Amino acid sequence: MAKQQPLRILHCFRSPIGGIFRHVRDLVEEHSKAGHEIGILCDSSTGGEYEDSLFDDIRPYLSLGLTRVPIRRSISPSDIATMWDTYKKIKSLRPDVLHGHGAKGGVLARLAGSALRVNRYRVARLYTAHGGSLHYSRSSLSGQFVLRMERLQEYFTDALVFICEYERDTYARKVGRPRTKTRLIYNGIGERDFEPIPTRSDAVHFIYVGMLRDLKGPDLFVDAFAKTERLLGRPLSALMIGDGPDRDRYREMMVERGLGKRIGMLPAMRVHEAFSMAQNLVVPSRAEAMPYIVLEGLGAGKTIIASRVGGIPEVLGADSAALVEPGNSDDLARVMAETLSTPDWHARTMPKPEAVKAVFSSAVMARDVLKLYHELVNPAAGPTAGQAMPVAS
């Protein structure tokens, strides 16, 4: 990555789990190595030992530190106190760039950035939805409120970053055509993620890796697993790997269906360790933006079976036989059965690793994001970024 004037970059997001956290970690590492000063501000009440270990991995790259404050998922009166506390912490870091990720992160970054501007500090305010509020329906009252808030916040946004075409198109359809600068920059994975991971000798037939909540479809995985056994006429094995609020309910579902001994459950772990436990990765989500688990699975040489949601068809191919109708466990079971009964299914269906690498690379992602940061900050046009400057009233 070409050397440019160093920036002070602060990423704001709510929960340090899943795809958003992966996305930010990659940007932190790439931009820090390029000579920029990076910090993270996120929720203090979510995550566990696994997430703590991931923070330990990137701590050497966080020259602006790791700031954690309580950030609730839903809107509440406590948000006012959180906003004030967050603003004071952000102001003390004197960032050039505030990049909000996810709905709550977007609110914090844009409002705090706008408050800094009122106080005569230049700061670029960016927002990446990562799905988030775009999963809401315009037909519901809550959806109308959330989507109108997204529209309103455009007035406090210098650029919107979309991580796939699906997210960009959904924003235009649900929120409206953007009235601020936009950029399409695909999620990407690193060079070390494009290394095949051998499957262990004691591997199971299928794994699910991700959050244990209905949006991600663990219940569909359990239902489809049972139907796949019936289609093939033999018992199979599977693992569900992850943490989440509905873990106990899924366990009860498996026990009730007599699957408790054939579907195991393990806590969240490093994805490379999880991938060694099976060749076939099932992504049964009801909604997604651009899930990293699909990119990581392909990089590791795994067979992907996924719902036709979000940007997944942009990775696997719009007509891929690996795509199933979202929410349809019968269709999911059909494809799961095909992967086990058709010897050359992987070779015929999965995209070539070099084709994935050419588009979905973290180095390309970080380069394009940094280019956008510099366009917005534009240090040559006026006072040094992060310093006091006149602001029109």
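Quick note: structure is the one above.
Residues numbered from 1 in each chain as written. Predicted model: local features only at pLDDT ≥ 70, side-chain atom pairs only at ≥ 80, totals over all residues. Heavy atoms only, no water.

Draft legend 1. Broad picture of the layout of surface pockets. Roughly 190 Å³ of volume is contained in the second largest pocket. Along the wall of the second largest pocket there are 14 residues; nearest its centre are Leu298, Gly301, Pro351, Lys352 and Pro353. Elements represented by at least two residues in the lining of the second largest pocket include exactly α10 (292-299), α13 (345-349) and α14 (353-359). With 3 residues, the single largest contributor to the lining of the second largest pocket is α14. Its residues placed into classes, the lining of the second largest pocket shows 7 nonpolar, 3 polar and 4 charged. (1 Å grid on protein atoms, 1.4 Å probe; cavity = no way out; pocket = protein on both sides within 12 Å on 5 of 7 lines; lining within 4 Å. Points joined across faces, edges and corners; volume = space filled by probe spheres on them. Helix = DSSP H or I, 4+ residues; strand = E, 2+ residues; numbered from the N terminus. Nonpolar A, V, L, I, M, F, W, Y, C, P; charged D, E, K, R; others polar.)

Draft legend 2. Highlighting the pattern of salt bridges. Applying the stated rule across the entire model yields 31 salt bridges. Where Asp158 meets Arg117, a salt bridge forms, and the shortest distance between an N and an O atom there is 3.1 Å. One end of the pair, Asp158, is in the loop between α5 (141-153) and β6 (159-162); the other, Arg117, is in helix α4 (residues 102-118), with 41 residues separating them in the sequence. Given a relative accessible area of 27%, Arg117 falls into the partly exposed group. Put simply, Lys216 and Glu288 hold a salt bridge, and the shortest N to O gap is 3.0 Å. (Salt bridge = Lys/Arg side-chain N within 4 Å of Asp/Glu carboxyl O. Buried < 20%, exposed > 50% of the residue type's maximum accessible area, 1.4 Å probe, protein only.)

Draft legend 3. Quick peek at α5. Counted at 1.5 Å a residue, the expected span for α5 with its 13 residues is 18 Å, and the 18 Å between its end C-alpha atoms agrees. For α5, the set of buried residues is Gly143, Val146, Leu147, Glu150 and Gln153. Along α5, the residues classed as buried sweep out an arc of 120° about the axis, all on the same side. Pointing more than 90 degrees away from the buried face of α5 are the exposed residues Leu141 and Arg148. Residues of α5 that are buried sit in contact with α4, β5 (124-128) and α6 (165-174). (Expected span 1.5 Å × (residues − 1). Arc of directions from axis to C-beta. Contact = heavy atoms within 4.5 Å.)

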